[in-house]
Amino acid sequence: MNTTVRHVAFSLALLLSPSGALFAQGSVANATFTSGIVEGAPTDYREAFFSSTTVVYYYGELIGLAGQTVTHRWSLEGKLMQEVPIKVTGSRQPAWSRIDMRPQWTGNWTVTVISAKGEVVDRRNFAYNPQ
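All values reported here derive from a predicted model rather than from experimental measurement.

1. Description of the confidence of the model for the protein
Reading predicted coordinates in detail is not appropriate for stretches of low pLDDT.
Move 1: For the protein, the mean per-residue pLDDT works out to 86, and 81% of the residues sit at or above 70.
Move 2: Contacts for the low-pLDDT stretch residues 3-24, under 50 throughout, to residues beyond four places or in other chains number 14 contacts.

The following block contains the structure:
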């Protein structure tokens, strides 16, 4: 087998293998912020919340991440506020985490979804207490 054929075969094996780099990266579909989850689905789709909101949820469908534990990392203005580990058991799995808001936590929030290998799978922002 010549070098080019071996390289292509190795690349295909990585793509098809659960330990392959592209498989491990995965993705998030239908990601959103919401004020509630009912029967496993978001009740609304928001980019901003007022201080009267006491809970904010990040929701997304995890794709290609089965067998891993991903982390939802919640940050306010770049400061880590909480991390939520989520075990992924299916090839397309709805998942969400929540944070109980405090009135003084106004500003720009970011939720970053991190794979088991430390790769950023998704990153979304929302504003809390916009005026």
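On we go.
2. With respect to the environment of I86
Move 1: Inspection of the secondary structure assignment puts I86 in strand β7 (residues 79-87).
Move 2: Spatially, the C-alpha atoms of I86 and T69 are 5.3 Å apart, while their sequence positions differ by 17 residues.
Move 3: Excluding residues within four positions of it along the chain, I86 makes contact with L62, Q68, T69, V70, H72, Q93, A95 and W96.

3. Topic: the pattern of salt bridges
Move 1: Inspection of the entire model under this criterion finds five salt bridges.
Move 2: Ionic pairing is found between E61 and R92, a salt bridge with its closest N-O pair at 2.7 Å. In this pair, E61 is assigned in strand β5 (residues 55-63) and R92 in strand β8 (residues 92-100), connecting sequence segments 31 residues apart.
Move 3: Take E61: its relative accessible area is 14%, and that puts it in the buried class.
Move 4: Residue classification places R92 among the partly exposed residues on the basis of a relative accessible area of 48%.
Move 5: For R73, the salt bridge goes to E83, with nearest N and O atoms at 2.7 Å. Of the two residues, R73 is situated in strand β6 (residues 69-76) and E83 in strand β7; the sequence distance between them amounts to 10 residues.
Move 6: A residue is classified by how much of its surface remains accessible, and R73, at 32% relative accessible area, is partly exposed.

4. Let's talk about the nonpolar core
Move 1: Grouped together as the largest cluster of nonpolar side chains are 23 residues, with contacts concentrated most on V56, Y58, L62, W74, W109 and F126.
Move 2: In contact with L62, other than residues within four places in its own chain, are S27, V28, V70, I86, V88, S91, R92, Q93, A95 and V113.

5. With respect to the sheet that holds strand β1 (residues 27-34)
Move 1: In spatial order, the strands read β1-β5-β8; together these three strands make up an open sheet with antiparallel pairing. The open sheet terminates on both sides in strands that have one partner only, identified here as β1 and β8. Averaged over neighbouring strand pairs, the angle between their axes works out to 15° when direction is ignored.
Move 2: With nine bridges connecting them, β5 and β8 associate as antiparallel partners. Looking at the pairing, V55 lines up with D100 of β8.

6. Section: the sheet that holds β6
Move 1: Pairing within the open sheet is mixed, and its five strands lie in the order β4-β10-β9-β6-β7. Strands with a single pairing partner mark the edges of an open sheet, and in this sheet they are β4 (48-49) and β7.
Move 2: When β6 meets β7, the two strands line up antiparallel, connected through eight bridges. Each bridged residue has a counterpart across the sheet, and for L76 the counterpart in β7 is K79.

7. Observations concerning the packing of aromatic side chains
Move 1: Throughout the structure, instances matching the rule amount to eight aromatic pairs.
Move 2: For the pair W74 and F126, a centre-to-centre distance of 6.2 Å together with 75° between the ring planes defines the contact as edge-to-face. Of this pair, W74 sits in strand β6 while F126 is found in strand β10 (residues 120-128), placing the two residues 52 residues apart along the sequence.
Move 3: Residue W74 is classed as buried on the basis of its relative accessible area of 0%.
Move 4: On the basis of an interplanar angle of 55° and a centroid distance of 5.8 Å, the ring pair of W105 and W109 is categorised as tilted.
Move 5: Ring-pair connections join several aromatic residues into one group, and the members of that group are F33, F49, Y58, W74, W105, W109 and F126.

Each value, and the rule that gives it
Each chain carries its own residue numbering, running from 1 in the written order of its sequence. At least 70 in pLDDT is required for a residue's local features to be given in this predicted model, at least 80 for side-chain atom pairs to be given and counted, and no such filter applies to totals for whole chains, interfaces and linings, which use all residues. Excluding hydrogens and water, the side-chain figures rest on all heavy atoms present in the structure. Per-residue confidence from the predictor is reported as pLDDT, a score between 0 and 100. Whether two residues are in contact is decided by their heavy atoms, any of which lying within 4.5 Å being enough. For helices the rule is a DSSP run of H or I covering at least 4 residues; for strands it is a run of E covering at least 2, with both sets numbered from the N terminus onward. A pairing counts as a salt bridge when a side-chain nitrogen of Lys or Arg comes within 4 Å of a carboxyl oxygen of Asp or Glu. Buried residues are those whose accessible area, probed at 1.4 Å on protein chains only, stays under 20% of the maximum for their type, while exposed residues exceed 50% and partly exposed ones sit between those limits. Among buried residues, those of type Ala, Val, Leu, Ile, Met, Phe, Trp, Tyr and Cys that are joined through side-chain atoms within 4.5 Å constitute a nonpolar core. At least two DSSP bridges between two strands are required for those strands to pair. Axis geometry follows a simple rule: fit a line to the C-alpha atoms, using only the stretch in contact for helices, then measure angles between N-to-C directions, giving values from 0 to 180 degrees. The aromatic pairing rule takes the rings of Phe, Tyr and Trp, using the six-membered ring of Trp, and pairs them if the centres are within 6.5 Å, calling planes under 30 degrees apart stacked, those over 60 edge-to-face and the rest tilted.

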